[in-house]
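Examination of the molecular architecture
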Amino acid sequence: MWTKGYARRVKSTTSTNTAKILLVEDDMRIRVEVMGALRAQDFEVEAAVSLSGAVDALDRDFDLVLLDLGLPDGDGVTLCERLRREGRGVPVLMLTARDEPEDRVRGLESGADDYVVKPFHMPELVARVRGLLRRSGRQVGDDVYRAGDLWIDCTQHRAGRGDAEFTLRPREFELLAFLMRYPGRPWSRAQLLDRVWGNEFDGDARTVDIHVRRIRQQIEVDASRPRYLRTEFGVGYRFDAGSAEE
C-alpha cells in the first residue's frame, strides 16, 4: 500500500495556501493519490507524466517540484541538474523507489532539497512539502492546531494555552508542531530527528529527550505527569490530543 490516511488532526484553520506545485510522476495511482492529498490541503497542483512534459510545464512558475527519478523518457536527476544550471531556486523533492545510498547521494548532489522513498506515508510527504515551502519562504497558508486549550499557530510561529503564550525555542516549536500534526501516532527518536532536525543532524539522539523535557515544562500543567506529550515506552513519543478532555 502506497499511502495511509491522516491520523485524527486537531486542526482549526481557514486555509489559504497559494503554493503552486508541479508533480512529475508517471505512475497514475501514485499521481492521483498525491494530487488528491495536496489539493485537500488547498495547494494548487499540476501534473506531468514525463521529462519532456515537465520541461514544458516549467515554462510557468512553481513554488515546489515533486520529481520522480524514474521517468519513461529520462532520469529526473537530469531535470533537477538543469534547474540548478539555470539558476532556478525552486525547491525539489524527489520521489523514488530507489533506496540505495548512491541513488540518494546522486539525487541530492544534483540539487534536490529532499528525498522520499516509495512507498511513503502521505502525511509525511505533506509535512515535508510544507517544510520545504517554509524554508524557501513560500506561503503555505494558515496552519493552526488545537487540543483543548492548547494551540499552536505555525504561520505566526506562536503557541500557548488559552490566552497565555509559551516561549519556545525554534527547534522546540518545530518538534511540538510536528507532533501535534499527527495526534496519537508514536514516533521514535530516530524518526523525529529525521523529520524535524533533517538529514544534516549528526549528534546524539538524546537531544530529542532534552527538547521534549523543555516543551513539557511549558505545555503541561504538571511536567512530571504529562497529559499531552506522552512517552511511548520502547518507541519514543506521541502527542495525545484526547488527554485534553480528561
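The structure under discussion appears in the preceding block.
Residues numbered from 1 in each chain as written. Predicted model: local features only at pLDDT ≥ 70, side-chain atom pairs only at ≥ 80, totals over all residues. Heavy atoms only, no water.

1. Considerations on the nonpolar core
One broad trend across soluble globular proteins is that nonpolar side chains are buried collectively. Of all hydrophobic cores here, the largest spans 31 residues; its most connected members are Ile152, Leu175, Leu176, Leu192, Ile219 and Phe239. Looking at this core, the elements with two or more residues in it are strand E8 (144-147), strand E9 (150-153), helix H6 (170-181), helix H7 (189-197), helix H8 (207-219) and strand E14 (236-239). Element by element, the count of residues in this core is highest for H6, at seven residues. Beyond its immediate sequence surroundings of up to four residues, Leu175 is in contact with Leu192, Val196, Trp197, His211, Val212 and Ile215. In terms of nonpolar packing, the next biggest core, distinct from the first, is built from 22 residues, Ala19, Leu95, Val126 and Leu133 among them. (Core = buried A, V, L, I, M, F, W, Y, C linked by side-chain atoms within 4.5 Å. Buried < 20%, exposed > 50% of the residue type's maximum accessible area, 1.4 Å probe, protein only. Helix = DSSP H or I, 4+ residues; strand = E, 2+ residues; numbered from the N terminus. Contact = heavy atoms within 4.5 Å.)

2. Considering the layout of surface pockets
Space inside the largest pocket adds up to approximately 620 Å³. Forming the boundary of the largest pocket are 24 residues, of which Gly131, Arg135, Glu174, Arg195 and Val196 lie nearest the centre. For the lining of the largest pocket, the secondary-structure elements that each account for two or more residues are helix H5 (122-136), H6 and H7. Among the elements that make up the lining of the largest pocket, the one with the highest residue count is H5 (seven residues). Tallied by class, the residues present in the lining of the largest pocket amount to eight nonpolar, four polar and 12 charged. (1 Å grid on protein atoms, 1.4 Å probe; cavity = no way out; pocket = protein on both sides within 12 Å on 5 of 7 lines; lining within 4 Å. Points joined across faces, edges and corners; volume = space filled by probe spheres on them. Nonpolar A, V, L, I, M, F, W, Y, C, P; charged D, E, K, R; others polar.)

3. Focus on the sheet that holds strand E11 (residues 164-165)
Taking strand neighbours across the sheet as the criterion, the four strands line up as E8-E9-E10-E11 in an open arrangement whose pairing is antiparallel. Each edge of the open sheet is held by one strand with a lone partner, namely E8 and E11. Here two bridges tie strand E10 (residues 158-161) to E11, and the two strands are oriented antiparallel to one another. Opposite Gly160, over in E11, you have Glu165 as the bridge partner. Here H6 sits on the sheet in contact with E8, E9 and E10, set at roughly 110 degrees to E9. (Pairing = 2+ DSSP bridges. Axes fitted to C-alpha atoms, helices over the stretch in contact; angles between N-to-C directions.)

4. Some thoughts on the side chain of Arg31
Relative to the helices and strands, Arg31 resides in helix H1 (residues 28-40). Glu25 is the oppositely charged side chain nearest to the buried, salt-bridge-free Arg31, at an N-O distance of 6.1 Å. With sequence-adjacent residues up to four places away left out, Arg31 is seen in contact with Leu23, Glu25, Asp26, Ala47 and Val49. (Lys, Arg positive; Asp, Glu negative; His and termini not counted. Salt bridge = Lys/Arg side-chain N within 4 Å of Asp/Glu carboxyl O.)

5. Some remarks on H1
Helix length check: H1, at 13 residues, gives a terminal C-alpha distance of 18 Å against a target of 18 Å (1.5 Å per residue), a fit within 8%. Considered for burial, the residues of H1 that qualify are Ile30, Arg31, Val34, Met35, Ala37 and Leu38. Relative to the axis of H1, the buried residues are bounded by an arc of 165 degrees and lie together on one face. Set apart from the buried face of H1 by more than 90 degrees, the exposed residues are Met28, Val32 and Ala40. Looking at where H1 begins, the residue whose side-chain oxygen comes 3.0 Å from the main-chain nitrogen of Arg29 is Asp27. Following H1 by one or two positions, Asp42 adopts a phi angle in the positive range, close to 70 degrees. (Expected span 1.5 Å × (residues − 1). Arc of directions from axis to C-beta. Polar contact = N/O pair within 3.5 Å; in protein donor to acceptor, adjacent residues only side chain to side chain.)

6. Examining the pattern of salt bridges
Per the stated rule, a full pass over the model turns up 18 salt bridges. Put simply, Asp114, Glu124, Arg128, Asp194 and Arg195 are held in one network by salt bridges that share partners.

Geometric descriptors of this kind do not, in isolation, establish any biological role.
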